[in-house]
Amino acid sequence: MLFNKEQSTLIQCPTSKSGDYIVPTTVTAIGVSCFSNCSSLSSITISPSVKNIGSEAFYNVKGSIVVDNSNSDYSDIDGVLFDKVQTQILFCPGSKSGNYEIPQSVKTIGSSAFAGCSNLNSITIPSFVTSISTSAFSNCKALKTITSNSSVPPVTYNAFYNVNKDSCLIKVPFKSAALYKASNYWKEFKKIEENASGFVLDATKMSFKASEGNDSIKVTANVVWSVTDDQDWININSDVANG
């Protein structure tokens, strides 16, 4: 392992390194591309002392990221790296496969966060995400579906490099497809479709277009919500709750 003289900065890990690695407690910074292509590591434990992690520090790492609970700047959920308050997702290990739902607390998807996750089939982006950084999903070649739950397209710059834009389906909220089709980088996708017709959800109001028969809606919210109707021919069975 290569450190600076004081061993406060971890500069480079040999790509041949394998097994589990615990960052020493003397380290306060992990350098740019430090663990890049260390694909044989099973896990990397971030010590409490680490305050700064450079860009693409874990590029092409397959193993889980584990953050000591007493670290004041970073955290992890199931091997995925976040900032401490989990409003920014920073790195997802390349071994992640299948479907992944980004936690509802996330507002920003970091640069190269999912880069090289070549076995992910679908991603769900929560409604509070406002920005997706450069190369966030680069080389996610197996992506078949990206569900963005924000009615306003998150601002992005070249986040989807080497994602198949002809076949990957972008699913967006009702009445927002036109915005995505006009938005930079989103508009490169050939298949942009709206979710359930007649369903509208924003920060203060949800409405559901009338249709024959019975319908049910599952609501996840971080505010108190209630249900009302303005038609006497509708029977509503609902709860009032905190999401």
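Before any of the text, the structure's been laid out above.
Let me begin by describing the structure that accompanies this report. (Residues numbered from 1 in each chain as written. Predicted model: local features only at pLDDT ≥ 70, side-chain atom pairs only at ≥ 80, totals over all residues. Heavy atoms only, no water.)

Comments concerning the sheet that holds strand β9 (residues 80–83)
Moving on, step 1. Strand order in this open sheet of 6 strands is β8-β9-β10-β12-β14-β16, and the pairing throughout is mixed. Looking at which strands have only one partner, the edges of the open sheet turn out to be β8 (74–77) and β16 (155–156).
Moving on, step 2. Both strand β14 (residues 131–132) and β16 contribute to a ladder of 2 bridges, which runs parallel. Bridged to Ser 131 within β16 is Val 155. (Pairing = 2+ DSSP bridges. Helix = DSSP H or I, 4+ residues; strand = E, 2+ residues; numbered from the N terminus.)

Quick notes on the pattern of salt bridges
Moving on, step 1. Tallied over the entire structure, the rule returns 2 salt bridges.
Moving on, step 2. Here Lys 51 ties to Asp 73 by a salt bridge, and the two come within 3.5 Å at their closest N and O atoms. Pair noted here: Lys 51 is in the loop between β5 (41–46) and β6 (52–53) and Asp 73 is in the loop between β7 (64–67) and β8, with a separation of 22 residues, a long-range link.
Moving on, step 3. Residue class for Asp 73 comes out partly exposed when judged on its relative accessible area of 28%.
Moving on, step 4. In this structure, Glu 188 and Lys 165 form a salt bridge, with 4.0 Å as the shortest nitrogen-oxygen distance. In this pair, Glu 188 is assigned in the loop between α1 (177–182) and β18 (191–194) and Lys 165 in the loop between β16 and β17 (169–172), connecting sequence segments 23 residues apart.
Moving on, step 5. We classify Glu 188 as partly exposed; its relative accessible area is 35%.
Moving on, step 6. With a relative accessible area of 17%, Lys 165 lands in the buried category. (Salt bridge = Lys/Arg side-chain N within 4 Å of Asp/Glu carboxyl O. Buried < 20%, exposed > 50% of the residue type's maximum accessible area, 1.4 Å probe, protein only.)

Some thoughts on the nonpolar core
Moving on, step 1. Ranked by internal contacts, the top residues of the largest apolar core, which has 32 residues, are Ile 109, Phe 114, Ile 125, Ile 132 and Phe 137.
Moving on, step 2. Those elements giving two or more residues to this core turn out to be β9, β13 (119–125), β17 and α1.
Moving on, step 3. Broken down by element, this core gets its largest block of residues, 3 residues, from β13.
Moving on, step 4. Each residue touching Phe 137, except ones within four places of it in the same chain, is listed here: Ile 109, Phe 114, Ile 123, Ile 125, Ile 132, Ala 159, Phe 160, Tyr 161 and Val 163.
Moving on, step 5. Leu 10, Val 61, Ile 65 and Phe 91 belong to the second-largest nonpolar core, a separate cluster that totals 22 residues. (Core = buried A, V, L, I, M, F, W, Y, C linked by side-chain atoms within 4.5 Å. Contact = heavy atoms within 4.5 Å.)

A few points about unusual backbone geometry
Moving on, step 1. Here Lys 175, not a glycine, exhibits a phi torsion of approximately 70°, which is positive.
Moving on, step 2. Tracing the sequence through the fold places Lys 175 in the loop between β17 and α1.

Here's the deal with the layout of surface pockets
Moving on, step 1. What the second largest pocket holds in volume is close to 220 Å³.
Moving on, step 2. Around the second largest pocket, the lining is made up of 15 residues, and of these Gly 54, Ser 55, Glu 56, Leu 90 and Ser 111 lie nearest the centre.
Moving on, step 3. Among the elements that take part in the lining of the second largest pocket, strand β10 (residues 88–91) stands out by supplying 3 residues, more than any other.
Moving on, step 4. For the lining of the second largest pocket, the class distribution of residues is 8 nonpolar, 6 polar and 1 charged. (1 Å grid on protein atoms, 1.4 Å probe; cavity = no way out; pocket = protein on both sides within 12 Å on 5 of 7 lines; lining within 4 Å. Points joined across faces, edges and corners; volume = space filled by probe spheres on them. Nonpolar A, V, L, I, M, F, W, Y, C, P; charged D, E, K, R; others polar.)

A word on the sheet that holds β6
Across a sheet, paired strands are connected by hydrogen bonds in the backbone, their directions being either parallel or antiparallel.
Moving on, step 1. In space, the 4 strands of this open sheet follow the order β1-β2-β4-β6, with mixed pairing throughout. Of all the strands in the sheet, just β1 (2–3) and β6 have a single pairing partner and so form its edges.
Moving on, step 2. Across 2 bridges, β1 lies against strand β2 (residues 9–12) in antiparallel orientation. Note that in β2 the partner of Leu 2 across the bridge is Gln 12.

As for the environment of Ala 57
Moving on, step 1. On the secondary structure map, Ala 57 appears in the loop between β6 and β7.
Moving on, step 2. In sequence terms Ala 57 and Cys 34 are 23 residues apart; their C-alpha atoms lie 4.8 Å from each other.
Moving on, step 3. Residues in contact with Ala 57, not counting those within four places in the same chain, are Ile 30, Gly 31, Ser 33, Cys 34, Phe 35 and Ser 36.

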